[in-house]
Amino acid sequence: MAEIMEEKKELTPAETAAPASPETPAKKPEKSTADKKKRRRTIRRIVALVVVAALIAGGVKFFKKKDGSSEVGMATVSYGAISSEVDGSGLVKAKNSETISLTTAGTVMDVFVEEGQKVEQGDPLFTIDSPNAATEVQKARDEVEGYQKQINTLQKDIAGLNLSPSYAGKLMDVVTLNPGDEISKGTKVAVLADDTRMRLEQYYSYAYAGELKAGQKVQVSIPALMTTVEGTVEAVHMVSRITPEGSKLFSAEIVIPNEGVLAKDMVATATTIVNGDTVYPYEAAKLQYYRVGDLNSTVSGTVISSNLVDYLAVTPGQVLVRIDGEDSETEIFTAQQNLEEAQKKLEAAQKNLDNCNAVAPISGQVIGLSVTPGQELQANSTLVTVSDTSTVTVSATVDERNISYIKTGMSVNLDQWGTSAFGTVETVSLSSTVNNGVASYPITISADNTEGNLQVNSYVNYKIMASQNDNCLMVPIQAVRTVGLEDGSSATVVYVQADSRPDNALELPYQDEEIPSGFYPVQVEIGIQDTYNVEIKSGVNDGDTVFTQMITDQAWG
């Protein structure tokens with residue numbers, strides 16, 4: 001230490017040299033080569049002094065070799081207190097903030113607030129005249145309705161992958177389909193006749209107009225079966241049919257239940273009793289199926305199976321043809337995606353229209369107001385931001401050494417231009433970014449700002465006590481090294497002084513630096529660290545002497 005003080009004394013004259021006389025010429029004399037070398041030696045001595053001072057602060061002792069060529073830095077493993085802090089600076093942002101913008105052009109009509117004004121949710125902010133905003137909403141709504149109709153149709157069609165009848169009846173004129181056949185949407189595969197009931201049309205004289213009514217029972221005579229069955233008047237039509245004899249007739253539609261014995265084109269006559277008299281139709285007529293329709297495929301695809309047979313009696317929902325409709329499924333999937341996109345456009349257009357009569361989306365402070373009455377706005381203009389500054393957040397990063405100690409809820413000291421505040425760790429991310437070989441993890445700090453002491457959109461300094469141990473073994477940072485092992489892995493070691501190689505000393509394949517004799521690499525488990533010291537969890541004992549580093553005479557010039 002005395003030598004260090006002597007070096008400081010030698011530096012004093014150089015550092016306190018008197019300034020040049022005012023009368024000296026403006027041109028400075030060139031320095032000699034000897035002066036330049038002396039200046040470099042002086043700088044090296046200052047740097048060495050700083051290094052030595054830091055080592056002493058960390059508990060490092062120096063011992064000169066006998067030949068005086070270098071000094072051996074050593075330290076003693078001892079118990080002490082150590083703490084690790086994370087500090088830095090980050091931008092203060094409102095935790096909750098909403099920005100209002102306009103995607104269409106328009107003219108500002110009225111503005112009801114000022115920059116910095118506090119507003120409550122729902123308070124009016126401004127009004128804007130933008131005809132295009134309403135047009136865009138209607139256009140988007142039409143597009144949504146169009147895709148919805150398309151999907152509804154496709155969903156009905158895709159039900160036809162299992163082709164089935166919608167009513168009971170009998171198949172006729174069926175098409176032969178084999179597995180593997182391709183079938184197109186709209187292909188007629190059969191005629192479906194509803195023969196569960198038969199229909200009979202009869203004409204009656206206008207003399208009985210008003211006497212026959214819907215729901216009235218009639219007797220239907222069928223000569224081919226030599227029988228009479230009961231029927232029901234389904235409808236009466238007051239048409240005007242004139243017979244060759246000059247009689248005027250109206251029609252009635254009769255429905256007769258079919259137990260399976262009635263057939264199309266059977267001749268039949270329907271009579272009824274009116275005021276005790278039997279009323280006959282003008283002429284007999286032929287029975288018809290109650291209804292007839294085509295059975296068509298509603299999808300395109302490949303036939304998987306077919307049960308189509310002429311005159312087969314079928315029931316509603318009975319599967320007749322199975323179809324692989326991959327194309328139809330793809331079509332409906334595409335339509336659903338288009339509908340989702342159209343709905344997003346409608347939401348955006350409606351929000352834009354609402355912004356023409358903007359109200360505060362949240363309670364907070366008006367920030368960045370950029371509209372004035374009469375102003376012509378271009379499309380995609382940002383108009384105002386409303387921020388709730390009662391709670392603010394700060395984004396920070398923690399390196400890989402300390403991230404395991406950072407937990408949500410930890411207290412954080414904040415300082416902004418001398419104004420102190422307190423926050424808490426709100427989130428800790430497990431996703432890191434690597435820069436210069438060091439992994440950093442983002443965290444979020446939240447702080448109460450009800451009093452408005454912290455200025456948003458400005459930087460603040462933060463400090464977190466990451467970890468602390470009041471009684472642990474520790475050594476100076478300079479004593480801890482990472483070394484390579486024979487298997488290619490690495491280990492954390494300190495070099496322990498001993499009279500002979502300890503049992504737990506490692507055999508290293510090579511040395512990256514000069515290690516004095518009498519010191520042996522012992523693997524250690526480290527914990528937290530501060531500016532000067534490292535916690536040692538295992539590997540060495542209290543009182544052990546460890547090597548820190550060599551200081552050579554060359555560093556002193």
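### A closer look at helix α3 (residues 131-158)
Between the first and last C-alpha of α3 there are 41 Å, a value that for 28 residues agrees with the 40 Å anticipated at 1.5 Å per step. Buried residues of α3: A133, V137, A140, V144, I151, L154 and D157, and no others. Elements in contact with the buried residues of α3: α4 (326-355).

### Some details on unusual backbone geometry
With glycine set apart, most residues show a phi of negative sign, and most peptide bonds adopt trans. Not every positive phi belongs to a glycine, and M226 is a case in point at roughly 50°. Here M226 shows up in the loop between β11 (217-222) and β12 (227-242). Here N380, not a glycine, exhibits a phi torsion of approximately 60°, which is positive. Tracing the chain through its elements places N380 in the loop between β23 (376-377) and β24 (381-399).

### With respect to the sheet that holds strand β18 (residues 301-306)
Across the sheet, which stays open at both edges, the four strands sit in the order β7-β20-β18-β9 with antiparallel pairing between neighbours. The open sheet terminates on both sides in strands that have one partner only, identified here as β7 (162-163) and β9 (182-183). Of the strand pairs in this sheet, β9 and β18 are connected by two bridges, and their pairing is antiparallel. In the sheet register, I183 faces β18, and the bridge partner there is G301.

### Re the sheet that holds strand β4 (residues 106-111)
Strand order in the open sheet formed by four strands is β21-β6-β4-β23, and the pairing between neighbours is antiparallel. Two strands close off the open sheet at either side, each with one partner strand: β21 (357-359) and β23. As paired elements, β4 and strand β6 (residues 124-129) share four bridges and run antiparallel to each other. Across the sheet, V108 pairs through a bridge with I128, a residue of β6. Along the sheet, α4 contacts β6 and β21; its crossing angle with β21, the most-contacted strand, is approximately 85°.

What counts, and where the lines are drawn
- Residues numbered from 1 in each chain as written.
- Predicted model: local features only at pLDDT ≥ 70, side-chain atom pairs only at ≥ 80, totals over all residues.
- Heavy atoms only, no water.
- Helix = DSSP H or I, 4+ residues; strand = E, 2+ residues; numbered from the N terminus.
- Expected span 1.5 Å × (residues − 1).
- Buried < 20%, exposed > 50% of the residue type's maximum accessible area, 1.4 Å probe, protein only.
- Contact = heavy atoms within 4.5 Å.
- Pairing = 2+ DSSP bridges.
- Axes fitted to C-alpha atoms, helices over the stretch in contact; angles between N-to-C directions.

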